[in-house]
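# Breakdown of the fold
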Amino acid sequence: MNIFEVLNQGNSRLHEPSISAMLGYLLDTRRDHGLGDTFFREFLSLLNREINDSRFNEYLEKPFIDTDVLLEEPYELNNSTKYIDIQISILNKDVQENRQEDFRIIIENKIKDSSVSEGQLESYYQAIVEDESVIDNLAIVYLTPFSKRTSLKSEYKNLNLRDPKHLKAWIKWNDNDHGIIKILRKILKKESVGEINPINEYTRHTIKAFIQFLNATVSSAKDKTHRFGEDIGEIVDSVTLAVEGEEYDYRIVRRDSQQIQVFTKDGKVTAKPVLRKIIKNRNLDIPLSGINTRTMGRKVIDQIKQKQ
């Protein structure tokens, strides 16, 4: 059972605020997920790769990064309330052992590239700096699907920082190299080989379910090319994997009609030959003949996920 898929049914569909809530929960190093600062540390390392700012290195060198996370934090601008999706405060203790904000990270989250609102990022930044005229350590993060949509690029480009000490970064949910989903998978892999402390079973399965849900939910212009006349039903399961000797990844999707489709970065490809190639490459316990594409695809998805 995937709890995210269950909660996404009917009138209770999970939207950006719900996804932001889960992400914020993982980014809060004091919450009961059992990850400590592991996820936030990977997130900050990602920002550091994108921005390369020495201030991030200072935090990454600490034995523990203390954070506090707020969701839907309100700011006022021109008699209008702006709600920040995720606000992260990196905390330091003063001489009285009080936890005080040392660096603020703002995340504007989009899970659909079509949901961009022109000028939204700039107005949120403006509301923050007008609310607090002196804020030295501030980073604005635009979190979106991987997309070539020009409106996303324009929105990020038009964010004009007023202070040279302020930073901005554009990161992706589903970037194969450096995205949020990649971080989640990296944490699971590190735990499996003993590079980080053991993760409790509930958290491990929840992260896996979150990854599956994000793969099926986060939408980009690239994904939309998949949805033309031949698609039957909505995507209910998917897996993305590399195959030895191939220069690109394959994405296998299963729709609620049980239709199986396979995609590369260039679009849809014939499914069955690729599935057979994956079965051979990954030494899966699935017959290469005698079963239809739907059965073969379902078994491939199930066995690949079991090994992840």
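Residues numbered from 1 in each chain as written. Predicted model: local features only at pLDDT ≥ 70, side-chain atom pairs only at ≥ 80, totals over all residues. Heavy atoms only, no water.

Let us look at empty space enclosed by the protein. Inspection of the entire model under this criterion finds one cavity of 30 Å³ or more. Taken as a whole, the largest cavity holds about 30 Å³ of empty space. Among the elements of the structure, β3 (99-109), α5 (120-131) and β4 (138-144) are those that each provide at least two residues to the lining of the largest cavity. Looking at which element gives the most residues to the lining of the largest cavity, the answer is α5, with four residues. Class assignment for the residues of the lining of the largest cavity results in eight nonpolar, no polar and one charged. (1 Å grid on protein atoms, 1.4 Å probe; cavity = no way out; pocket = protein on both sides within 12 Å on 5 of 7 lines; lining within 4 Å. Points joined across faces, edges and corners; volume = space filled by probe spheres on them. Helix = DSSP H or I, 4+ residues; strand = E, 2+ residues; numbered from the N terminus. Nonpolar A, V, L, I, M, F, W, Y, C, P; charged D, E, K, R; others polar.)

This part covers the packing of aromatic side chains. Aromatic ring pairs are described here by two measures, namely the spacing of the ring centres and the angle between the planes. Taken as a whole and assessed by the stated rule, the structure comprises six aromatic pairs. When the ring of Phe40 is compared with that of Phe43, the centres are 6.2 Å apart and the planes differ by 40 degrees; the resulting orientation is tilted. Of the two residues, Phe40 and Phe43 both sit in helix α3 (residues 38-51), three residues apart, roughly one turn of that helix. Accessibility expressed as a relative area gives 0% for Phe40, which makes it buried. Phe43 gets classed as buried once you look at its relative accessible area, which sits at 1%. Arranged with centres 6.1 Å apart and planes meeting at 85 degrees, the rings of Tyr59 and Phe103 form a pair that is edge-to-face. Separated by 44 residues along the polypeptide, Tyr59 in helix α4 (residues 54-60) and Phe103 in strand β3 bring together distant segments of the chain. A residue is classified by how much of its surface remains accessible, and Tyr59, at 4% relative accessible area, is buried. Overall, Phe103 belongs to the buried group, its relative accessible area being 0%. Counting every residue linked through ring pairs, the aromatic cluster contains Phe56, Tyr59 and Phe103. Over the face of the ring belonging to Tyr156 we find Lys168, whose NZ or CZ atom lies 4.5 Å from the ring centre. For the cation-ring pair, Lys172 lies above Trp170, with the distance from its terminal atom to the ring centre recorded as 4.3 Å. (Phe/Tyr/Trp six-rings, centres within 6.5 Å; stacked < 30°, edge-to-face > 60°. Buried < 20%, exposed > 50% of the residue type's maximum accessible area, 1.4 Å probe, protein only. Lys NZ or Arg CZ within 6 Å of the ring centre and 35° of its normal.)

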